[in-house]
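# Residue-level structure breakdown
Here is what each chain is made of, one letter per residue.
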There are 2 protein chains.
Amino acid sequence: MEKLKYTLGSITPLDTEAMRLARARQDQLTKPPGSLGILEELSIRMAGIQANPLPQVGKKVIIVMAGDHGVVAEGVSAYPQEVTPQMVANFAASGAGINVLARHAGAEVRVVDMGVAAACDIPGVIQKKICPGTANMTMGPAMSREEAIDCLIAGIEIAEGEIAAGADLLGTGDMGIGNTTPASAILTMFSGASLEHTVGRGTGIGAAALEQKREAVRRALEINDPDPGDGIDVLAKVGGAEIGGLAGVILGAAAHRVPVVIDGFISSAAALIAASLSPASRDYMIASHVSIEPGHKLMLEELGLKPMLFMNMRLGEGTGAALASSLVEAACKVLCEMATFAEAGVAEKDEEKSSAESDQV
Amino acid sequence: MEKLKYTLGSITPLDTEAMRLARARQDQLTKPPGSLGILEELSIRMAGIQANPLPQVGKKVIIVMAGDHGVVAEGVSAYPQEVTPQMVANFAASGAGINVLARHAGAEVRVVDMGVAAACDIPGVIQKKICPGTANMTMGPAMSREEAIDCLIAGIEIAEGEIAAGADLLGTGDMGIGNTTPASAILTMFSGASLEHTVGRGTGIGAAALEQKREAVRRALEINDPDPGDGIDVLAKVGGAEIGGLAGVILGAAAHRVPVVIDGFISSAAALIAASLSPASRDYMIASHVSIEPGHKLMLEELGLKPMLFMNMRLGEGTGAALASSLVEAACKVLCEMATFAEAGVAEKDEEKSSAESDQV
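Only a predicted model underlies this, so the values are computations on that prediction, with no experimental measurement involved.

Moving on to the overall build of chain A. Across its full length, chain A holds 15 helices and 6 strands. Relative to its length of 361 residues, chain A is compact, with a C-alpha radius of gyration of 21 Å against a globular reference of 21 Å. Once the C-alpha set of chain A is aligned to its principal axes, its extents read approximately 70 × 40 × 40 Å. Considering chain A as a whole, with its 361 residues, one finds that 65% of them fall into the buried category. Put simply, of all contacts in chain A between residues at least 6 apart along the chain, 75% involve residues at least 24 apart. Summed over its atoms, the accessible surface of chain A is roughly 11,400 Å², and 53% of this surface lies on carbon and sulfur atoms.

Written as structure tokens, this is what we have:
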């Protein structure tokens, strides 16, 4: 708990002076001001995150956390629970989507067992098992408050280890059969939106299973009555071990001024937990894609984050984060590597013909 | 003209058998079917383009074509015309946005003078100047019909040269002060939409210049009366040399079963010309981003293309194409490199709980 408190206390605002210098440089680069849109905004935010007007992204690491969920007993998923450890093994063997996309983006992958139900002692998998799957949240809390805190601390430690080993950027990813159900419950708590908007088809369940899933979330919230003002309470009662671990990764990254790219629906639920514990941590979060899971858009709105990729993806694992990590790197390269008007001998804009509003970055 | 006819005749439909095999493999990869969304669709289309169920993207080349526009005399741009050759020099010196983003994506850049008003004999710039800038299209045709055909043929030849040298993927890019004005005119012709929807602020003009720009497009269409059923007529009367060249690049790529990633507003105007000359060429086009130039969305709808990146970009140069070229490569790697359920020993979906409709790729 001391570790968590210390981390939360270490998360500070972005460096506005570095951002001012980065913005001034962007306006001197050989392009109409603002014409690279989100790439420019990202580069300026990266300057604020790194407290460096010429931010760099070298080593990128995607942290994929796995956990199981007692709520699968309610028939909320199209896949059996044994798929969680099977996919963890697939990650370790580099056969999954995240392995291919991270390799393509030049990012490394770490796989963490946060709470897989089965034994998961696979070489290459980091062992942080807090519980052998959560309890069925429709019958009581998914985890104890102590377990929820342990998840957050484990995530912070993982982030700190990677940052100490040289990571300039972290990405989040998840694996856990049934985990769109707790993610939907978390979204419902923080947004106050109806279950029609917060609970979707996940990996692709039919209409009957979707009804069971909504009913499971409704009962979990009723029986547990989580306090939306207390992120740890929400995480414990209707969350999951991998969600708590990822929230810890986000907080750990923010505390060390490292950007963290948020993947899809599950990772964004973790981001909601992190933001509830530290609103300042949001400045360190970078959205990647919009999942076709309908609640994801709502989550990003709650977080105040703008996604870049519209790919109709809904795999999780960090696949969207891997693709977006390359865009963050590109944004920094634009700021650092493009020529200025003066360097290139290019004429600047005719201010009389310009529109002030369209020059906003 | 023979060259153009031959090229148009060489553009054939996608290979449906390769697509069937690619789709079958996608459904055996360790993920819920369809969960990688547009990446899966792209990989299947790439199989059809290359006539290969395991499509590969090795060498990627972004072709940036430059030209000037007589219509700048109407005050349609915020930048002076001298910026066109200055930016061409900047491309050749690797200082521009496209250089940075192409390098990041692992793509090469070719710079072509299709119709820059000034002399442009810069080392590294490919010389294909068809005219020293177009004529002012508000007073008559921008180019002669012969010049328009020469632009298309030059573009085809550039594409063929790159493909012969090993390019697996081409991307389009443009540079030309004032070129959103002809692009808007082309969009107006093919979409029939009003000037309020087709003419925007380009690099960032103010309200008064926007009115001048709309009036210029209105007069150009009135005085020239292009035939929307004849793409060459539209290109000659209200197009531009770099737009014609890029349309040729697209046709040349399609004729050789090479995918071509379409950048923003100008490149999409070129794609509209290409599609009007060969509807089958659309299958070889891959959309990259949605520009904040308002007419761009309309262009992509006309072309039937789905963009992947929403970055609020409006630079042109091929910057969106460079970023998206990396996504096309990623899509092919997913198809070729991910493990199947059988290979990884992962259990498949419980069909009883599944929704048929959500499994659609």
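Here the focus is the relation of the copies chain A and chain B. Take chain A, turn it by 180 degrees, move it 0.0 Å along the axis, and it overlays chain B with an RMSD of 0.0 Å. Between the two chains, the operation in question is that of a two-fold axis. When each C-alpha of chain A is compared by its distance to the rotation axis, Leu309 of chain A comes out closest, at 2.5 Å. Comparing interface residues between copies, 100% of those in chain A also lie at the interface in chain B; the contact surface is shared.

Core analysis: the largest hydrophobic core is formed by 268 residues, its most contacted members being Leu170 of chain A together with Leu170 of chain B. Not counting residues within four places of it along the chain, the set of residues in contact with Leu170 of chain A comprises Val61, Ile63, Ala159, Glu162, Ile163, Val249, Ala253, Val258, Pro259, Val260 and Val261 of chain A.

Residue and element names in this part refer to chain A. Confidence along chain A averages 96 in pLDDT terms, with 97% of residues attaining 70 or more. Counting interchain partners and residues more than four positions distant, the pLDDT-below-50 stretch residues 357–361 has 13 contacts. In the model output, the complex is listed with pTM 0.96 alongside ipTM 0.96.

Bringing the sheet that holds strand 4 (residues 167–175) of chain B into the picture now. Hydrogen bonds between backbone groups are what pair the strands of a sheet, and the pairing can be parallel or antiparallel. All names here are of chain B. Reading across from one edge, 3-2-1-4-5-6 is the order of the 6 strands in this open sheet, with parallel pairing throughout. The sheet terminates laterally at strand 3 (125–127) and strand 6 (285–287), the two strands that pair on one side only. Strand-to-strand twist in this sheet, taken as the mean axis angle between neighbours without regard to direction, amounts to 30 degrees.

Once that is clear, we can look at the side chain of Thr180 of chain B. Here Thr180 of chain B lies in helix 7 (residues 180–191). Among residues more than four places away in sequence, those in contact with Thr180 of chain B are Gly202, Lys213, Phe265 and Ile266 of chain B.

For any pair of aromatic rings, the description consists of the separation of the ring centres together with the inter-plane angle of the planes. Taken as a whole, this structure holds 1 aromatic pair over all chains when the rule is applied. For the pair Phe310 of chain A and Phe310 of chain B, a centre-to-centre distance of 4.1 Å together with 35 degrees between the ring planes defines the contact as tilted. With Phe310 of chain A in the loop between helix 13 (295–303) and helix 14 (319–337) and Phe310 of chain B in the loop between helix 13 (295–303) and helix 14 (319–337), this pair bridges two chains. Look at Phe310 of chain A and you get partly exposed, because its relative accessible area is 29%.

Now for the interface of chain A and chain B. Every contact between the two is made by 66 residues of chain A and, on the other side, 66 residues of chain B. Carbon and sulfur atoms make up 61% of the surface buried where chain A meets chain B, a total of about 5,300 Å² over both sides. Seen at the junction of chain A and chain B, the total is 2 salt bridges. For the salt bridge of Glu337 of chain B with Arg103 of chain A, the shortest nitrogen-to-oxygen distance reads 2.7 Å.

This paragraph deals with the pairing of strand 2 (residues 107–115) of chain A. All names here are of chain A. Of all 9 residues in strand 2, 7 are buried, a share of seventy percent or more. Where strand 1 (residues 59–67) lies against strand 2, 8 bridges are found, and the strand directions are parallel. Paired with Val64 across the bridge in strand 2 is Val111. Direction of pairing for strand 2 relative to strand 3 (residues 125–127): parallel, over a ladder of 3 bridges. Residue pairing across strands places Val112 opposite Ile126, the latter belonging to strand 3.

In this section: the pattern of salt bridges. For the structure on display, the rule yields 38 salt bridges over all chains. The partner of Lys237 of chain B in a salt bridge is Asp233 of chain B, and the shortest N-O contact between them spans 3.2 Å. A residue pair is termed a helical-turn pair when its members lie 3 or 4 positions apart in one helix, as Lys237 of chain B and Asp233 of chain B do in helix 10 (residues 231–238) at 4 residues. Residue Asp233 of chain B is classed as buried on the basis of its relative accessible area of 14%. Look at the salt bridges and you will find they share partners, linking Glu74, Glu215, Arg218, Arg219 and Glu222 of chain A into a network.

We now examine the sheet that holds strand 3 of chain A. All names here are of chain A. Taking strand neighbours across the sheet as the criterion, the 6 strands line up as 3-2-1-4-5-6 in an open arrangement whose pairing is parallel. Whereas interior strands pair on both sides, the edge strands pair on one side only; in this sheet they are strand 3 and strand 6 (285–287). For this sheet, the mean inter-axis angle between neighbouring strands, taken without regard to orientation, is 30 degrees. Packed on one face of the sheet, helix 14 meets strand 1, strand 4 (167–175), strand 5 (260–262) and strand 6 and runs near 135 degrees to strand 5.

Residues and elements named next belong to chain A. Scanning all chains against the criterion turns up 0 disulfides over all chains. This cysteine, Cys120, is not joined by any disulfide, and Cys131 carries the nearest cysteine sulfur, 13 Å off. For Cys332, which is in no disulfide, the shortest distance to another cysteine sulfur is to Cys336 and amounts to 6.4 Å. Judged by its relative accessible area of 3%, Cys332 is buried.

The next thing to look at is the environment of Glu40 of chain A. By secondary structure assignment, the location of Glu40 of chain A is in helix 3 (residues 37–50). Residue Glu40 of chain A is classed as buried on the basis of its relative accessible area of 0%.

Parameters and conventions
- Residues numbered from 1 in each chain as written.
- Chains lettered and ligands numbered in written order.
- Predicted model: local features only at pLDDT ≥ 70, side-chain atom pairs only at ≥ 80, totals over all residues.
- Heavy atoms only, no water.
- Helix = DSSP H or I, 4+ residues; strand = E, 2+ residues; numbered from the N terminus.
- Rg over C-alpha atoms; globule rule 2.2 N^0.38 Å.
- Buried < 20%, exposed > 50% of the residue type's maximum accessible area, 1.4 Å probe, protein only.
- Contact = heavy atoms within 4.5 Å.
- Areas by Shrake-Rupley, 256 points an atom, 1.4 Å probe, with all protein chains shown as cover.
- Least-squares fit on C-alpha atoms with pLDDT ≥ 70 in both.
- Core = buried A, V, L, I, M, F, W, Y, C linked by side-chain atoms within 4.5 Å.
- pLDDT = per-residue confidence, 0-100.
- Pairing = 2+ DSSP bridges.
- Axes fitted to C-alpha atoms, helices over the stretch in contact; angles between N-to-C directions.
- Phe/Tyr/Trp six-rings, centres within 6.5 Å; stacked < 30°, edge-to-face > 60°.
- Buried area = accessible area lost by both parts, 1.4 Å probe.
- Salt bridge = Lys/Arg side-chain N within 4 Å of Asp/Glu carboxyl O.
- Disulfide = S-S within 2.5 Å.

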